[in-house]
Amino acid sequence: QCLVGSEMCIRDSYNAEHTIEKCVESLLKQVGNFSYQIIILDDGSSDGTLARLEKYQDNQLVEIVAKQNTGASSTRNVGIEMAEMDSEYLIFVDADDFVEADYLKLLFDQFKDNSNCDLAICGYRKEDENGELRFKAAGQKQVMDRRQALEQIFVSTGYEGYPWNKLFKTSIIKDNQIRFNTDLVLAEDLYFCCEYLLHCSKVSYDPKPVYHYVVQENSQINSNRYGAPYNPKSLNIITTYTRLQSLIPAKYQKVHQSINTQLCWSSTTILRNIMLAPNRDEVPADTIAKLKGIVKQNRHDFMQNTILPKRDKIIFMLNLYAPGLLAWIWKKFSLRGNGF
């Protein structure tokens, strides 16, 4: 049995009244020879989310659990504990998003076609609320070992560290007591996926975009737009990558280079946002100095990283030396990309 939980359901279905029905309906229309259950955890929503879910109360495929608001990671962990009781596989789906009818089939088929497979991954589309495409995951259909999968998860044009395009084995999560880290605020998904991958022997990836990731107007991505006010919470991404340096064994040298690359990229991006923010004069000088130090320390690994697309390196150089010009180019030509 596969437990399917909406990431905003397993994570939290907090105030998703306008999107939750589309999400659940797309999960109920899955085709394939397998059984599954949808567990929705409402994380203390204050809008009409629970009212929208009333129509599914008598549906045997859907279980709805209302709980007090405890945050994303904590709520997802509740979902994991429920899944560990009787589910062989586990997947997360964001309540803002929806999936194609062959979403689960494509993931299950990878387990069926590859013996000893420990993780199945699918492609995705990142799009606006109006359906306009921002980005589509690239890459080739392949089977990877642990090292390759850890290296590929940091490729910004690939499958990345999201939980909603991955079908996990519940036994691996249970046996190794893997949970979402409640101390992390940003990129906690990536940390969870990396910790899981450390216990995988074989990983399968099919880039067919059967998942629709819908970027909401108030999302983290849009909060980092050029000219938005600087928010100190953006520094939490540095904490996550620093934790990843400790999590990943030193023998995975290329993975550590990728983590250093992400530290460099994130620090440069935050510096750009500070320079363009209306409240930039309020940012402490030691914060700017720290970010510049991280960039200087890891710039070599960034430029030497062979798995980064040239686009990212060009953006990095513009971020570093001409953030205003990059902002103008992006706005002038209405450019879109993964994370922009």
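Quick notes on the rules
Residues numbered from 1 in each chain as written. Predicted model: local features only at pLDDT ≥ 70, side-chain atom pairs only at ≥ 80, totals over all residues. Heavy atoms only, no water. Phe/Tyr/Trp six-rings, centres within 6.5 Å; stacked < 30°, edge-to-face > 60°. Helix = DSSP H or I, 4+ residues; strand = E, 2+ residues; numbered from the N terminus. Buried < 20%, exposed > 50% of the residue type's maximum accessible area, 1.4 Å probe, protein only. Lys NZ or Arg CZ within 6 Å of the ring centre and 35° of its normal. Polar contact = N/O pair within 3.5 Å; in protein donor to acceptor, adjacent residues only side chain to side chain. Contact = heavy atoms within 4.5 Å. Core = buried A, V, L, I, M, F, W, Y, C linked by side-chain atoms within 4.5 Å. Salt bridge = Lys/Arg side-chain N within 4 Å of Asp/Glu carboxyl O. Disulfide = S-S within 2.5 Å. Patch = residues over 30% accessible without salt bridge, like charges linked within 9 Å, V, L, I, M, F, W, Y side chains within 5 Å. Areas by Shrake-Rupley, 256 points an atom, 1.4 Å probe, with all protein chains shown as cover. Pairing = 2+ DSSP bridges. Axes fitted to C-alpha atoms, helices over the stretch in contact; angles between N-to-C directions. Left-handed = near helix turned anticlockwise from the far one by under 90°. Nonpolar A, V, L, I, M, F, W, Y, C, P; charged D, E, K, R; others polar.

1. Examining the packing of aromatic side chains
Tallied over the entire structure, the rule returns 21 aromatic pairs. Here Phe 92 and Phe 180 contribute two aromatic rings whose centre-to-centre distance is 5.4 Å and whose plane-to-plane angle is 90°, an arrangement assigned as edge-to-face. In this pair, Phe 92 is assigned in strand 4 (residues 89–93) and Phe 180 in the loop between helix 7 (170–175) and helix 8 (188–197), connecting sequence segments 88 residues apart. For the pair shown, Phe 92 and Phe 180 are each scored as buried. Members of the aromatic cluster, connected to one another through ring pairs, are Tyr 103, Tyr 124, Phe 135, Tyr 162, Trp 164, Tyr 211 and Tyr 213. Positioned over the ring face of Phe 98 is Lys 22, at 4.1 Å from the centre of the ring.

2. Concerning the side chain of Asp 97
Relative to the helices and strands, Asp 97 resides in the loop between strand 4 and strand 5 (98–99). Accessibility expressed as a relative area gives 1% for Asp 97, which makes it buried. In this structure the side chain of Asp 97 is engaged in a polar contact, spanning 2.6 Å, whose partner is the side chain of Tyr 211. When near neighbours in sequence (up to four residues on either side) are disregarded, Asp 97 contacts Cys 23, Tyr 211, His 212, Tyr 213 and Val 214.

3. Here's the deal with the environment of Ile 64
Mapped onto the elements of the fold, Ile 64 is located in strand 3 (residues 62–67). The spatial distance from the C-alpha of Ile 64 to the C-alpha of Leu 325 is 49 Å, given a sequence separation of 261 residues. Excluding its chain neighbours within four sequence positions, the residues that come into contact with Ile 64 are Ile 40, Leu 50, Leu 53, Tyr 56 and Gln 57.

4. Description of the nonpolar core
Residues Tyr 103, Phe 154, Phe 192 and Tyr 211 are the most contacted members of the largest nonpolar core, which totals 90 residues. Tallying contributions element by element places helix 11 (residues 253–276) first for this core, with 8 residues. Not counting residues up to four positions away in its chain, the partners in contact with Phe 154 are Leu 190, Cys 194, Tyr 241, Leu 244, Val 255, Ser 258, Ile 259 and Gln 262.

5. As for the pattern of salt bridges
Applying the stated criterion across every chain yields a total of 15 salt bridges. Among the ionic pairs, Glu 21 bridges to Lys 55, the shortest N-O distance being 3.3 Å. You can see Glu 21 sitting in helix 2 (residues 20–28) and its partner Lys 55 sitting in the loop between helix 3 (49–53) and strand 3, a full 34 residues away along the chain. The network of salt bridges with shared partners includes Glu 21, Glu 25, Arg 52 and Lys 55.

6. With respect to the state of the cysteines
Going through the model one piece at a time under the given rule, you end up with 0 disulfides. The closest cysteine sulfur to the non-disulfide-bonded Cys 117 is located on Cys 200, 8.1 Å from its own sulfur. Looking at the unpaired Cys 264, the closest cysteine sulfur is the one in Cys 194, lying at 18 Å. Since its relative accessible area comes to 0%, Cys 264 is described here as buried.

7. Focus: the environment of Pro 163
Within the secondary structure, Pro 163 is located in the loop between helix 6 (146–152) and strand 9 (166–169). By relative accessible area, which is 0% here, Pro 163 ends up buried. On a C-alpha basis, the gap between Pro 163 and Phe 192 in space is 8.2 Å, while along the polypeptide they are 29 residues apart.

8. Describing a nonpolar patch on the surface
The grouping of Met 303, Met 317 and Tyr 321 at the surface amounts to a nonpolar patch, some 290 Å² of accessible area in total. On the secondary structure map, Met 303 appears in helix 12 (residues 285–304).

9. With respect to the pairing of strand 6 (residues 119–128)
Counted residue by residue, strand 6 has 9 buried out of 10 residues, so it is predominantly covered. Pairing analysis gives 3 bridges linking strand 6 to strand 9, with the strands arranged antiparallel. Paired with Leu 119 across the strands is Phe 168, a residue of strand 9. Of the pairings in the sheet, the one linking strand 6 to strand 10 (residues 202–215) comprises 10 bridges and is parallel in character. If you follow Gly 123 over to strand 10, its bridge partner there is Pro 209. Both strand 6 and strand 7 (residues 133–136) contribute to a ladder of 3 bridges, which runs antiparallel. Bridging from a neighbouring strand, Arg 125 pairs with Lys 136 of strand 7. A loop of 4 residues connects strand 6 with strand 7, the two strands running antiparallel in sequence, and Gly 131 in this loop sits at a positive phi of about 90°.

10. Quick notes on helix 8
Since there are 3.6 residues in each turn of an α-helix, residues three or four apart along the chain are aligned in direction. In terms of burial, helix 8 is a largely internal element, 10 of the 10 residues being buried. For helix 8, the complete set of buried residues consists of Glu 188, Asp 189, Leu 190, Tyr 191, Phe 192, Cys 193, Cys 194, Glu 195, Tyr 196 and Leu 197.

11. Observations regarding the packing of helix 4 (residues 72–86) against helix 8
The contact between helix 4 and helix 8 brings their axes to 11 Å, and the two run at 40°. When you trace helix 4 past helix 8, the crossing you get is right-handed. Between helix 4, through Ala 72, Ser 73, Arg 76 and Ile 80, and helix 8, the contact on the second element is made entirely by Glu 188, Asp 189 and Phe 192. Tallied by class, the residues present in the contact of helix 4 with helix 8 amount to 3 nonpolar, 1 polar and 3 charged.

Function cannot be read off these values alone, since they describe shape.
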